[in-house]
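# Tertiary structure, described
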Amino acid sequence: MALSESVQLVTSAARAEFFDKFNQLPDRLAQLAYTIPSSERIESFAWLGDAPSMRKWVAERVHKAVPEQKFAVSNDLFESTIDFDFFTFSSDRGGAEAKVRAAQLAEKAKAYPYRSALALMNANAMACYDGKALFAADHVDPGASNKTAQSNIVAIGSVSDPRTPTALVVLNALRGIFAKFMAIRDSEGDEFYTADGVGGYQPLIVAPAEYSAILAQLQTSSVVFDGSSSFSNEMAGRFTAVSSSRLDSPTASSGAFYALLTNGAQKPFVFTEHTPVTLVDNAEDVVSGKSKVLTVGATTAFGLAPGQWRCAVKATLNK
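The numbering scheme is per chain: residues are counted from 1 as the chain's sequence reads. Since the coordinates come from a predicted model, pLDDT governs what is reported: local features require at least 70, and pairs of side-chain atoms require 80 or more to be given and counted, while whole-chain, interface and lining totals use all residues. No hydrogens and no water enter the side-chain calculation; it runs on all heavy atoms of the structure.

### A word on the sheet that holds strand β5 (residues 153-156)
- Pairing between strands is defined by DSSP: at least two bridges between them are needed. The way it works is that DSSP assigns letters per residue, a run of H or I at least four long becomes a helix, a run of E at least two long becomes a strand, and they are numbered from the N terminus. Pairing within the open sheet is mixed, and its five strands lie in the order β5-β13-β10-β6-β9. Strands at the two margins of the open sheet, each flanked by one partner only, are β5 and β9 (240-243). Recorded for the sheet is a direction-independent mean angle of 20 degrees between the axes of neighbouring strands.
- When strand β10 (residues 254-260) meets strand β13 (residues 312-318), the two strands line up antiparallel, connected through seven bridges. Pairing of Leu 260 across the sheet is with Ala 312, part of β13.
- Contacts were defined at the residue level, with two residues in contact if any of their heavy atoms lie within 4.5 Å. Whenever a helix is involved, its axis is fitted only over the stretch in contact; in every case the axis is a line through C-alpha atoms, and angles between N-to-C directions fall within 0 to 180 degrees. Sitting on the sheet, helix α6 (residues 212-220) touches β6 (204-207) and β9, and the angle it makes with β9 is about 165 degrees.

### Points about the state of the cysteines
- Criterion for a disulfide: a pair of cysteine sulfur atoms within 2.5 Å. With the rule as written, the count across this model stands at zero disulfides.
- For Cys 128, which is in no disulfide, the shortest distance to another cysteine sulfur is to Cys 311 and amounts to 10 Å.
- Note on exposure labels: buried denotes an accessible area under 20% of the residue type's maximum, exposed denotes more than 50%, and partly exposed covers the range between, all computed with a 1.4 Å probe on protein chains only. Note on Cys 128: relative accessible area 6%, which makes it buried.

### Looking at helix α3 (residues 94-123)
- Over its 30 residues, α3 runs 41 Å from end to end, which matches the ideal 44 Å to within 8%, given 1.5 Å per residue.
- Along α3, the sharpest kink reaches roughly 40 degrees, centred on Tyr 112 and followed within four residues by the proline Pro 113.
- Immediately beyond the C-terminal end of α3, within one or two residues, lies Asn 124, with a positive phi of roughly 50 degrees. Multiplying 1.5 Å by the residue count of a helix minus one yields the expected span of that helix. The angle separating two fitted axes, one through the seven residues that finish at a residue and one through the seven that start at it, defines the bend at that residue.

### A short note on the layout of surface pockets
- Two kinds of site are reported from a 1 Å grid over the protein atoms alone, namely cavities, where a 1.4 Å probe fits but cannot get out, and pockets, open sets with protein on both sides within 12 Å along at least five of seven lines, and residues are called lining when an atom falls within 4 Å of a point. Grid points are joined across faces, edges and corners, and a volume is the space filled by probe spheres set on the points. Volume-wise, the largest pocket comes out at about 450 Å³.
- Around the largest pocket sit 26 residues that line it, and Ala 109, Tyr 112, Pro 113, Val 277 and Thr 300 are the ones nearest its centre.
- A total of eight residues in the lining of the largest pocket trace back to one element, the largest contributor, which is α3.
- Each residue receives one of three labels: charged for Asp, Glu, Lys and Arg, nonpolar for Ala, Val, Leu, Ile, Met, Phe, Trp, Tyr, Cys and Pro, and polar for the others, Gly being one of them. Taken together, the residues that form the lining of the largest pocket break down as 14 nonpolar, five polar and seven charged.

### Concerning the side chain of Thr 272
- Counting through the fold element by element, Thr 272 comes out in strand β11 (residues 269-281).
- Here the side chain of Thr 272 touches Asn 75 through a polar contact of 2.6 Å, side chain to side chain.
- With residues near it in sequence (within four places) discarded, Thr 272 still touches Ile 36, Ser 38, Phe 45, Val 73, Asn 75, Ala 301, Phe 302 and Gly 303. By the criterion applied in these results, polar contacts are pairs of N or O atoms within 3.5 Å in which, for protein atoms, one can donate a hydrogen and the other can accept it, and in which residues neighboring in sequence qualify only through two side-chain atoms.

### Here we look at the sheet that holds β11
- Strand order in the open sheet formed by four strands is β1-β11-β12-β4, and the pairing between neighbours is mixed. Edge positions in the open sheet fall to β1 (33-37) and β4 (76-84), since each of these has one partner strand only. For this sheet, the mean inter-axis angle between neighbouring strands, taken without regard to orientation, is 30 degrees.
- Where β1 and β11 come together, five bridges link them in parallel fashion.

### Observations concerning a nonpolar patch on the surface
- Taken together, the side chains of Leu 3, Phe 86 and Phe 87 define a hydrophobic patch exposed on the protein surface, amounting to about 300 Å² of accessible area.
- With respect to the helices and strands, the residue Leu 3 is situated in helix α1 (residues 3-24). In this scheme, patches are assembled from residues that exceed 30% relative accessible area and form no salt bridge. Like charges are connected within 9 Å, while nonpolar side chains (Val, Leu, Ile, Met, Phe, Trp, Tyr) are connected within 5 Å. The Shrake-Rupley method, run with a 1.4 Å probe sphere, supplies the accessible areas, and residue values consider only the shown protein chains as cover. What makes a salt bridge here is a side-chain nitrogen of Lys or Arg within 4 Å of a carboxyl oxygen of Asp or Glu, nothing more.

### A look at the environment of Gly 94
- On the secondary structure map, Gly 94 appears in helix α3.
- Using a relative accessible area of 1% as the deciding quantity, one classes Gly 94 as buried.
- Along the sequence, Gly 94 and Leu 9 sit 85 residues apart, while their C-alpha atoms lie 7.7 Å from each other.

Here it is, written out as structure tokens:
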């Protein structure tokens, strides 16, 4: 087979397999983040506050401006590149190998923004629109009528070993999470979520792998057995749970997991999409003799930042 034909076979197989696989995979980030098209290196936004409360109409309308907060999201460039040496792409198995490696590349490219959002959440170092970290004890919306500081952190103490908490400890943390969501107010002092809203929104629980078995039990079982005792579990069916290696593993002194409300109009993260995922290669350089290594690479550019802090609660388990 001529060199140009071998190169064409590998690049065509890789491109077809990459986009077939990429388009089939679910967009897990979509449930976590607002997606905003972007054309700048740094995008600046006006984060609008909440609408005024309803009131009985007496005399004239009461006009009230919606508070506006400024924040910025920086876009970064990302890539992942596969190299095929000469004897690989020129052999009969070149096309088959290209498909396998391109499919794996597609899986990683599709998952990367989602995993990046979880890493951002775990680090809790980037400020929200209110100037506070995503998880903080003193959130106050700038310019809001409601100036009461609010927390989106639930702390469970006296845990014998946060690395291996009992089902009852984790259940109490879940109860605290739901109570916290119910207690949070918007910038006007109104309830941010109603009782039906929290239940209907099915919070997504994101936890380290060490907690996955207990959360799976609490997710599905209305009666939970914990050692020699059992207890009723009212949280069954009211949340979904996933585990992630992007989260810190619990230690002997503390552990944490997170609850995200993802089905409402507001989201816990902002995703700016500057450049959708593209696939490039250096086929021309190989055919012309400039390179003996055929490269196929995925490229994308995007930004991530904390969004609505009211959509996220952190539960800590402390010794």
